[in-house]
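# Architecture and fold: a report
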Amino acid sequence: MKLPPVIIEMLSRRADHELRLPSDCEYLSLDIEGKTGIHIGATTLKRLLGLAADDRTPHLSTLDILARYLGYSHWQQLEAISNEGNSGFDTPEGEQRSANLKPDSLVKIAYLPDREVTLRFLGDNCYRVVASRNSKLLTDDEVEIQNFVLHHPLFVSCVWRGGSPMGPFTAGSVSGLQSISIIEP
């Protein structure tokens, strides 16, 4: 599968590097890893940019990483923009944006297998974990989250534990969030 030209152009602008040659994919691979903390191989990028003859369909997780690199929460959001344009007032069904929450709101999420996390919204996309069951996120971790989308993975831009940044985190990467509930203060 080759990415649409508009997404290739977006990748080129984000990397601040022209993506015309197979060797450009090495640069892009390093830039993606540096900005997301997740590695996508240059060979995979060559296929996606149409610089290698291979029409295999990439894993959704790979496409989600590209979306995150470009500032989107998941591939479907980026794909919709590339197909339909990037203007509109719609909120995808099942999405809760941090920008729409009041400070001290609680967000309870659940994802498989048997994981539950309750977050207190601090403002400016920042949350504190107030309860955690079977999750790698721990009570008192602070996290940065732009939005929550039902049935999609949760992308945490950064986790801070004890004041130290631990990097990005993804919850529910296979089956997505099973439930999202908001409790206003």
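What comes next concerns the included structure. (Residues numbered from 1 in each chain as written. Predicted model: local features only at pLDDT ≥ 70, side-chain atom pairs only at ≥ 80, totals over all residues. Heavy atoms only, no water.)

### Looking at the overall build of the protein
Of regular secondary structure, the protein possesses five helices and nine strands. For 185 residues, the compact-globule formula gives about 16 Å, and the C-alpha radius of gyration of the protein, at 17 Å, lands near that figure. Its C-alpha atoms give the protein principal-axis dimensions of roughly 50 × 35 × 30 Å. In the protein, which comprises 185 residues, the share counted as buried stands at 41%. Of all intrachain contacts in the protein linking residues separated by at least 6 positions in sequence, the fraction that spans at least 24 positions is 46%. Total accessible area on the protein stands at roughly 10200 Å², and carbon and sulfur atoms take up 49% of it. Both charge centroids of the protein, one from 18 positive and one from 24 negative side chains, sit 3 Å from each other. (Helix = DSSP H or I, 4+ residues; strand = E, 2+ residues; numbered from the N terminus. Rg over C-alpha atoms; globule rule 2.2 N^0.38 Å. Buried < 20%, exposed > 50% of the residue type's maximum accessible area, 1.4 Å probe, protein only. Contact = heavy atoms within 4.5 Å. Areas by Shrake-Rupley, 256 points an atom, 1.4 Å probe, with all protein chains shown as cover. Lys, Arg positive; Asp, Glu negative; His and termini not counted. Charge placed at Lys NZ, Arg CZ, Asp CG, Glu CD.)

### Examining the side chain of Ser 12
Turning to its location among the elements, Ser 12 is positioned in helix α1 (residues 5-15). Ignoring sequence-local partners within four residues, the contact set of Ser 12 consists of His 17, Glu 18 and Leu 19.

### Describing the pairing of strand β4 (residues 126-133)
Note: strand β3 (residues 115-123) against β4, seven bridges, orientation antiparallel. Looking at the pairing, Arg 120 lines up with Arg 128 of β4. Connecting the antiparallel pair β3 and β4 is a turn made up of two residues, with Asp 124 showing a positive phi of about 55°. Direction of pairing for β4 relative to strand β5 (residues 142-144): antiparallel, over a ladder of three bridges. Among the inter-strand pairings, Tyr 127 is bridged to a residue of β5, identified as Val 143. (Pairing = 2+ DSSP bridges.)

### Some details on the nonpolar core
A general trend in soluble globular proteins is that nonpolar side chains are found buried together. In terms of nonpolar packing, the biggest core is built from 24 residues, with Leu 3, Leu 11 and Leu 66 touching the most fellow members. Of all the elements in the fold, those that place two or more residues in this core are α1, α2 (24-36), α3 (42-48), α4 (60-69) and α5 (75-84). Once residues lying within four places of it in the same chain are set aside, the contact partners of Leu 66 are Leu 3, Leu 11, Ile 32, Ile 40, Leu 45 and Leu 48. Within the second largest apolar cluster, 19 residues are counted, among which are Tyr 111, Leu 119, Ile 145 and Leu 154. (Core = buried A, V, L, I, M, F, W, Y, C linked by side-chain atoms within 4.5 Å.)

### As for the packing of aromatic side chains
Throughout the structure, instances matching the rule amount to two aromatic pairs. An angle of 50° between the planes, with centres 5.0 Å apart, marks the rings of Phe 121 and Tyr 127 as tilted. Each member of the pair, Phe 121 as well as Tyr 127, is classed as buried. Where Tyr 127 meets Phe 148, the ring centres are 5.5 Å apart and the plane angle is 90°; that geometry is what we call edge-to-face. Here the residue Tyr 127 occupies a position in strand β4, and Phe 148 occupies one in strand β6 (residues 147-149), the gap between them amounting to 21 residues. Each member of the pair, Tyr 127 as well as Phe 148, carries the same accessibility label: buried. An aromatic cluster of at least three residues, connected via ring pairs, comprises Phe 121, Tyr 127 and Phe 148. Here the guanidinium or amino end of Arg 14 rests over the ring plane of Tyr 69, the centre of that ring lying 5.2 Å away. (Phe/Tyr/Trp six-rings, centres within 6.5 Å; stacked < 30°, edge-to-face > 60°. Lys NZ or Arg CZ within 6 Å of the ring centre and 35° of its normal.)

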